[in-house]
Amino acid sequence: MAEIQVGSSSWRRVEVGRILKLENGSLAAIVEIIDHKRALVDGPSTNPRLAAPRAPVSLANALITPLVIEKLPRGARTGAVKKAWEAAGIDAKWAEGNWAKKQVQQERRKALTDFDRFKVMRLKKQRRFEEHKALAKIKASA
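The rules behind each value
- Residues numbered from 1 in each chain as written.
- Predicted model: local features only at pLDDT ≥ 70, side-chain atom pairs only at ≥ 80, totals over all residues.
- Heavy atoms only, no water.
- Patch = residues over 30% accessible without salt bridge, like charges linked within 9 Å, V, L, I, M, F, W, Y side chains within 5 Å.
- Areas by Shrake-Rupley, 256 points an atom, 1.4 Å probe, with all protein chains shown as cover.
- Salt bridge = Lys/Arg side-chain N within 4 Å of Asp/Glu carboxyl O.
- Helix = DSSP H or I, 4+ residues; strand = E, 2+ residues; numbered from the N terminus.
- Buried < 20%, exposed > 50% of the residue type's maximum accessible area, 1.4 Å probe, protein only.
- Pairing = 2+ DSSP bridges.
- Core = buried A, V, L, I, M, F, W, Y, C linked by side-chain atoms within 4.5 Å.
- Contact = heavy atoms within 4.5 Å.
- pLDDT = per-residue confidence, 0-100.
- UniProt positions renumbered as here; feature names shortened; annotations may be inferred.
- Phe/Tyr/Trp six-rings, centres within 6.5 Å; stacked < 30°, edge-to-face > 60°.
- Axes fitted to C-alpha atoms, helices over the stretch in contact; angles between N-to-C directions.

Turning our eyes to something else, we now look at a nonpolar patch on the surface. A contiguous nonpolar surface patch, about 310 Å² in accessible area, is contributed by F115, F118 and M121. Here F118 lies in helix α4 (residues 114-141). Looking at F118, the relative accessible area reads 42%, which means it is partly exposed.

Here the focus is the pairing of strand β1 (residues 18-22). Burial analysis of β1 places five of its five residues in the buried class, which makes it a mostly covered element. Burial along β1 is two-sided: the residues R18, L20 and L22 and I19 and K21 are all buried. Here β1 pairs with strand β2 (residues 27-33) via three bridges, running antiparallel. Bridge pairing in β2 links K21 to L27. From the end of β1 to the start of β2, which pair antiparallel, there are four residues, and G25 there has a positive phi angle of about 95°.

Next up on the list: the nonpolar core. Formed by 17 residues in total, the largest nonpolar core has its most connected members in I19, L27, I69, L72, W85, I90 and W94. Mapped by element, the contributors of at least two residues to this core are β2, α1 (78-88) and α2 (90-95). Excluding its chain neighbours within four sequence positions, the residues that come into contact with L27 are I19, L20, K21, G43, L50, A52, W85 and W94. Membership of the second largest hydrophobic core comes to eleven residues, among which are L22, I30, V41 and I64.

Attention now moves to the side chain of Q103. For Q103, the position within the fold is in helix α3 (residues 98-110). Discounting residues that sit within four places of it in the chain, Q103 has contacts with K21, G25 and W94.

Moving on, we get to the confidence of the model for the protein. When pLDDT is averaged across the protein, the result is 93; 96% of the residues are at 70 or more. Ranking the elements of the protein by mean pLDDT puts α3 last with 93 and strand β4 (residues 52-58) first with 97.

When the UniProt feature table is mapped to this numbering, "domain: Large ribosomal subunit protein eL14" (unreviewed entry) covers residues 53-128. Summarising residues 53-128: 59% helix, 17% strand, and an end-to-end C-alpha distance of 47 Å.

Moving on: the packing of aromatic side chains. This structure, assessed with the given rule, holds two aromatic pairs. Where F115 meets F118, the ring centres are 6.2 Å apart and the plane angle is 20°; that geometry is what we call stacked. You can see F115 and its partner F118 sitting in helix α4, three residues apart, about one turn around the helix.

Another aspect to go through is the sheet that holds strand β5 (residues 62-68). Read across the sheet, five strands follow the order β4-β3-β2-β1-β5 without closing on themselves; strand pairing throughout is antiparallel. In this open sheet, the two strands that pair with only one neighbour each are β4 and β5. Each neighbouring strand pair of the sheet contributes to a mean axis angle of 40°, computed without reference to strand direction. The pairing of strand β3 (residues 38-43) with β4 spans five bridges and is classified as antiparallel. Along β4, the bridge assignment pairs G43 with A52.

Here it is in structure tokens:
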């Protein structure tokens with residue numbers, strides 16, 4: 001009989017060193033897995049909006065990111081986690097990712113006033129008009 005090897009992908013795996021996005025928008029690394037539903041996390045980010053205190057977190061209330069701090073020891077203290085966080089460049093990797101860019105864009109849109117939304121609408125209409133005009137010009141010449 002043939003041997004079949006079944007392996008799971010490393011993406012979406014709860015492991016020590018995996019970075020989580022918590023409910024409040026902060027980032028934290030898994031330091032210790034408490035049980036199948038909870039983990040001890042620590043988020044020593046230099047960005048105060050992304051920092052999270054060391055605390056147990058329900059995995060149902062956190063989103064797993066593709067970022068991992070390699071070779072982070074189980075139960076590492078805050079100082080060790082902070083050194084590993086900075087060495088791995090987690091803040092920079094997060095900032096250049098699409099998830100963070102989308103979050104910034106949503107915050108900017110949320111902060112718009114009524115008049116700002118009106119200006120955005122007018123600019124979109126103007127852009128659409130220019131696109132249709134250029135398309136009509138191309139169709140007419142063809």
